[in-house]
Amino acid sequence: RKFVYDFSEGNKDLKDLLGGKGANLAEMTNLGLPVPPGFTITTEACKAYLESGEAPAALRDQVSEHLAALEARMGKKLGQADDPLLVSVRSGAKFSMPGMMDTVLNIGLSDESVHGLAAQSGDERFAWDSYRRLIQMFGDTVLGIDGERFSETLDEAKSARGAKTDVDLKADDLKELVGKFKSIVSEETGREFPQDPREQMDLAVRAVFDSWNGSRARLYRRQERIPHDLGTAVNICSMVFGNLGPDSGTGVAFTRDPASGQQGVYGDYLQNAQGEDVVAGIRNTVPLADLEQLDKASYDQLMQIMETLENHYRDLCDIEFTIERGKLWMLQTRVGKRTAAAAFRIATQLVDQGLIDEAEALQRVNGTQLAQLMFPRFDSNGGVKDADQIGWGIAASPGAAVGKAVFDSYTAIKWSRSGEKVILIRRETNPDDLDGMLAAEGILTSRGGKTSHAAVVARGMGKTCVCGAEELEVDTKRRCLKTQDGRVIEEGDVVSIDGSSGKVYAGEVPVVPSPVVEYFEGRMHAGADDADELVKAVHRIMAYADRVRRLRVRANADNAEDAARARRFGAQGIGLCRTEHMFLGERRELVERLILADTENEREQALGALLPLQKGDFVELFESMDGLPVTVRLLDPPLHEFLPDITELSVRVALAESRKDANENDLRLLQAVHRLHEQNPMLGLRGVRLGLVIPGLFTMQIRAIAEASAERKAAGGDPRAEIMIPLVGTVQELELVREEAEQVIAEIEREHNVDLGLTLGTMIELPRAALTAGQIAECADFFSFGTNDLTQTVWAFSRDDVEASFFTAYLEKGIFGVSPFETIDKDGVGSLVRSAAEAGRATRPDLKLGVCGEHGGDPESVHFFHDVGLDYVSCSPFRIPVARLEAGRAAA
Ligand code: ADP
Ligand code: MG
Ligand code: MG
């Protein structure tokens, strides 16, 4: 097997085999760009090593061959005493991964060859600087010595010499430092720093392989759902030196601004330095544009290469380069990360440049980015610039939140009830903080990462959250927040947190609405000359998406106002109108009467009073969605939700009884509350079960829908109601409801002499319904997958409980990459959706299929629903643009 590829043998499409870095080094080599020669050891070799614990014999031979070829080409041997060839050993998996081994530079230096390097370069300082770097990196990453030991020793040397930075250390200082570093190695490992260059190289390669199975790398892969069997490649690259004096240096560059997408010169450059110094921030870099003054020829060449790379990759690239005594070398490139706004702008710019087509542009953006752009944000003109940043954490849940600092849930609730906006600040949150989190504008914690309790729960609630702001100290006893430089934020002081950048500010930072939302709302026009560039880009991308998508997008909306907004955002109907809110407020009393009714007469009176109210709601809703389908779900939640709280009522009755003036109605109410009380209401008397047990309830709702439709028709409208029955488990339930519904509808159609075109379908939200979908379809005009309840019932998870109790642990252990309530569990819940869709269509080929529930607005889930062949997804109004975009991406 071929385990080793020269850089000239690979290309960018071989990422599986050569890793991202190796594949792109090969691509650049073949483009004729100046890449230092080298070769890549494949992921296959890594896999073979990890399986057997031994590098395959063929690997050693092939490495020897390629090394010999490299040596011949460079005219010197690895570690050769009088003129050493030096190499870097660089890890590079298909996906870049924290926890993987870092790069080791200057492999091949030894006590002997360091003199050769000094003689050849004529720069003794450089040679010793390179050697101390080798021992430091090798000691840390290959031998596993705590890096602090080296950096502390380096710092001591600097302060002993009064040196500000490492550049101020002289050759002799560095020579001394090498001696100290070598002692650290022998102290810590019990053996000398290896002097044989090939041994150095082989140990480094092995360390890269081993790091694939390091615990941090494994955890990261579990969380990101990256398979464990990919393995990593290793790149051996001949060294070029940026630390050879002022005409040398190293830098990073972007072909356009990764923040805005604007074309121009973006990057940083550091004179007289080796690669890792730029990111390590040990000395101040200069803007890349300054390179033009420092070294015009290299600068011009770099600009040219950046253009070549952009045209070749047809995308923004980021680049690592080094200049050795006026000669430019390319050390890495890849398609670069970018902000959400830049992603949209770059995609449309590239279309205009003719580099990509519209379908490709759709693949360059995603719904998560669009969702980010829709949050309100801190005003970047002035507001944020002048803001007083006090800390920085992990951007855990997007948005911009401003409020008074509070340090416990109780205060959060109390203050928010009295109308204050609060930010809940905790070291970390736990299930006891739930109500406080709900009451707060945003949540800030000093501990924990993206999967911490605070992060998971805040995302579920849609609350802004910054977590793990470690430099801020939360003192819950004294109720204050201490910054690193000793400032104190007391309870009640205003703070602002940015859940999109992770930044934390003292005081109030002005918040501005998202221009993208202003555009969707119709308050900003993409056509205007002065329109925001981002809005123009979003407008174009949305148009592409709408043109190609097959899935239709509907909204979950219960009132005319939400429906109207949904329509502005592009909804093509309502996929879920919940009717339960129509029973709350003042209408509660009527519901109580219905529940307490002893006689048919009483019940009919209560229903009769509810009917016109329901009908009125529907008339408004059908009007705002005129011409578009509106799926109305009949009453779903358990009845006791409409009755008073059992404890409160018991106390009231007991007190009244002790005063001997108990009121008849309260007593009956209490009885009813007891009767309806359920240990587990989620699995109790709700949905269709209610409809079948309380005579007349569903009939009243169906009558309201039919009469509202008739009224709209009479007014010249085009109502398109669809009646949806919740929580059906068996076709018999649906048959009973349908029989009654058809009678009522026929009656109203006769009365008004119209055809109302009403359809009747069911939610598929119980495993039994999914498993018997073929039977249920006999009696249903449509299915709407209720994936929230289906997830709850398939997993036996109560969403209200488990997200806050053990999901953090599950996410940390990598059992899920993401909550199954956020992204559909394709293998479990998803496979039921798929088989139920197939079975339903087998019975009734024209069965309309949709999904309502949070998953309808989740990017990954939308792709799944497209693949399964559903007709539409339905989601909350704000997610509609996201769903439209992802439906377009799925189809393009
Ligand atoms: P990372 O993936 O962390 O960027 P790299 O392998 O790219 O790791 O290397 C770390 C730093 O060392 C980079 O700045 C890179 O440019 C530099 N570097 C790597 N190989 C060489 C080399 N052969 N010559 C000079 N600098 C190098
Ligand atoms: Mg790099
Ligand atoms: Mg449900």
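Residues numbered from 1 in each chain as written. Chains lettered and ligands numbered in written order. Predicted model: local features only at pLDDT ≥ 70, side-chain atom pairs only at ≥ 80, totals over all residues.

Naming follows an unreviewed UniProt entry, where the chain appears as Pyruvate, phosphate dikinase of Streptomyces oryzae. Under the heading Catalytic activity (unreviewed entry), UniProt records this for the chain: "pyruvate + phosphate + ATP = phosphoenolpyruvate + AMP + diphosphate + H(+)". Taken from UniProt, the Sequence similarities (unreviewed entry) comment for the chain reads in full: "Belongs to the PEP-utilizing enzyme family." (UniProt positions renumbered as here; feature names shortened; annotations may be inferred.)

Asker: Help me get a handle on the overall build of the chain, residues and values and all.
Answerer: Looking only at helices and strands, the chain has 37 helices and 31 strands in total. Taking the principal axes of the C-alpha coordinates as reference, the chain spans close to 110 × 65 × 60 Å. Put simply, of all contacts in the chain between residues at least 6 apart along the chain, 67% involve residues at least 24 apart. (Helix = DSSP H or I, 4+ residues; strand = E, 2+ residues; numbered from the N terminus. Contact = placed C-beta atoms within 7 Å.)

Asker: An account of helix H21 (residues 533–548) is requested, with residue identities and associated values reported.
Answerer: For H21, spanning 16 residues, the distance from its first C-alpha to its last is 23 Å, which sits close to the expected 22 Å at 1.5 Å a residue. Taken residue by residue, H21 has Leu534, Val535, Ala537, Val538, His539, Ile541, Met542, Tyr544 and Ala545 as its buried positions. Buried positions along H21 lie against helix H13 (340–352), helix H14 (358–363), helix H20 (515–520) and helix H37 (880–891). (Expected span 1.5 Å × (residues − 1). Buried ≥ 20, exposed ≤ 12 C-beta atoms within 10 Å, placed from the backbone.)

Asker: Could you give me a rundown of the environment of Glu733, with the residues and numbers involved?
Answerer: Here Glu733 shows up in helix H29 (residues 731–752). Each residue touching Glu733, except ones within four places of it in the same chain, is listed here: Val688, Leu692 and Val728.

Asker: Which residues make up the domain arrangement of the chain, and what are the values?
Answerer: Each assigned domain of the chain is listed with its residue range as follows: domain 1 (4–238), domain 2 (249–335), domain 3 (375–512) and domain 4 (549–592 + 615–637 + 687–891). Between the C-alpha centres of domain 2 and domain 3 the distance comes to 37 Å. (Domains from an automatic or database assignment.)

Asker: Summarise the sheet that holds strand S29 (residues 782–786); cite the residues concerned and give the values.
Answerer: Here eight strands make up a closed barrel; going around it, the order is S24-S25-S26-S27-S28-S29-S30-S31 and the pairing parallel. Neighbouring strand axes in the sheet, compared pairwise and without regard to direction, differ in orientation by 25° on average. With five bridges joining them, S29 and strand S30 (residues 848–852) adopt parallel strand pairing. Following the sheet pairing, Phe783 is matched in S30 by Leu849. With respect to the sheet, helix H32 (residues 787–795) is in contact with S29 and S30, its orientation differing from that of S29 by roughly 60°. Packed on one face of the sheet, H37 meets strand S24 (552–556) and strand S31 (872–875) and runs near 160° to S24. (Pairing = 2+ DSSP bridges. Axes fitted to C-alpha atoms, helices over the stretch in contact; angles between N-to-C directions.)

Asker: Give a description of the site of ligand 1 that names residues and reports values.
Answerer: By nearness alone, 16 residues border ligand 1, and Ser88, Arg90, Thr103, Gly275 and Leu331 come closest of all. Breaking the shell around ligand 1 down by element, the ones donating at least two residues are strand S3 (87–93), strand S5 (232–238), strand S9 (317–324) and strand S10 (327–335). Its residues assigned to classes, the shell around ligand 1 shows six nonpolar, six polar and four charged. When residues of the shell around ligand 1 are assigned to domains, at least three fall in each of domain 1 (4–238) and domain 2 (249–335). (Near = placed C-beta within 6 Å. Nonpolar A, V, L, I, M, F, W, Y, C, P; charged D, E, K, R; others polar.)

Asker: A description of the sheet that holds S3 should follow, citing residues and the corresponding values.
Answerer: Reading across the sheet, the five strands line up as S1-S2-S5-S3-S4 and stay open at both edges, with antiparallel pairing between neighbours. In this open sheet, the two edge strands, each paired with only one partner strand, are strand S1 (4–6) and strand S4 (104–107). Within this sheet the neighbouring strands show an average axis-to-axis angle of 25°, counted without direction. Sheet topology note: the S3/S4 ladder contains two bridges and is antiparallel. The residue of S4 that forms the bridge with Val89 is Val104.

Asker: Explain the UniProt feature "domain: PEP-utilising enzyme mobile" (unreviewed entry) in the chain to me, using residue names and the numbers behind them.
Answerer: When the UniProt feature table is mapped onto this chain numbering, "domain: PEP-utilising enzyme mobile" (unreviewed entry) sits at residues 420–502. Taken end to end, residues 420–502 is 18% helix and 33% strand, and its first and last C-alpha atoms sit 23 Å apart.

Asker: Give a detailed account of H13, specifying residues and quantitative values.
Answerer: Over its 13 residues, H13 runs 19 Å from end to end, which matches the ideal 18 Å to within 8%, given 1.5 Å per residue. Among the 13 residues of H13, 11 are classified as buried, and the element is accordingly described as predominantly covered. Where H13 is concerned, the buried positions are Ala340, Ala341, Ala342, Ala343, Phe344, Arg345, Ile346, Ala347, Thr348, Gln349 and Leu350. Contacts from the buried residues of H13 go to strand S6 (249–256), H14, helix H15 (367–373) and H21. Trailing H13 by a residue or two, Gly354 shows a phi angle of about 75°, which is positive.

Asker: Please provide a residue-by-residue account of the pairing of strand S7 (residues 263–271), values included.
Answerer: Bridge count between S6 and S7: seven bridges; the pairing is antiparallel. Residue Phe254 lies in a different strand from S7, and its bridge partner there is Tyr266. Linking two consecutive strands that pair antiparallel, namely S6 and S7, is a turn of six residues; a positive phi of about 90° is found at Gly261 within it. Relative to strand S8 (residues 286–287), S7 is paired through two bridges, and the arrangement is antiparallel. If you follow Asp268 over to S8, its bridge partner there is Pro287.

Asker: Residues and numbers for unusual backbone geometry, please.
Answerer: Positive phi, close to 65°, is recorded for Asn106, a residue that is not glycine. Tracing the backbone through its elements, the reader meets Asn106 in strand S4. Of the residues examined, Asn106 has 27 C-beta atoms within 10 Å and is grouped as buried. At Leu727, a position not held by glycine, the phi torsion is positive, near 60°. Counting through the fold element by element, Leu727 comes out in the loop between strand S27 (720–725) and H29.

Asker: Outline the UniProt feature "domain: Pyruvate phosphate dikinase AMP/ATP-binding" (unreviewed entry) in the chain, supporting the account with residue identities and numerical values.
Answerer: Feature annotation in UniProt places "domain: Pyruvate phosphate dikinase AMP/ATP-binding" (unreviewed entry) on residues 55–284 and 291–344, given in this structure's numbering. With 50% helix and 31% strand, residues 291–344 has its two end C-alpha atoms placed 30 Å apart.

Asker: Go over the pairing of strand S22 (residues 503–506), please, and point to the residues and values.
Answerer: Remember that side chains alternate between the two faces of the sheet whenever the strand is regular. Where strand S12 (residues 388–392) meets S22, four bridges bridge the pair, whose relative direction is antiparallel. Across the sheet, residue Gln389 finds its bridge partner in S22, namely Tyr505. As paired elements, strand S21 (residues 494–498) and S22 share three bridges and run antiparallel to each other. Paired with Val495 across the two strands is Ala506, which belongs to S22.

Asker: Provide a residue-level description of the packing of helix H6 (residues 147–161) against helix H7 (residues 171–189), including the pertinent values.
Answerer: Close contact between H6 and H7 brings their axes to 10 Å; oriented N to C, the two are set at 150°. Considered as vectors, H6 and H7 are oriented roughly antiparallel to each other. For H6 against H7, the interelement crossing comes out right-handed. Within the contact between the two elements, H6 uses Arg149, Phe150, Thr153, Leu154, Ala157 and Arg161 and H7 uses Asp173, Leu177, Lys180, Phe181 and Ile184. (Parallel < 35°, antiparallel > 145°, perpendicular 65-115°, else oblique. Left-handed = near helix turned anticlockwise from the far one by under 90°.)

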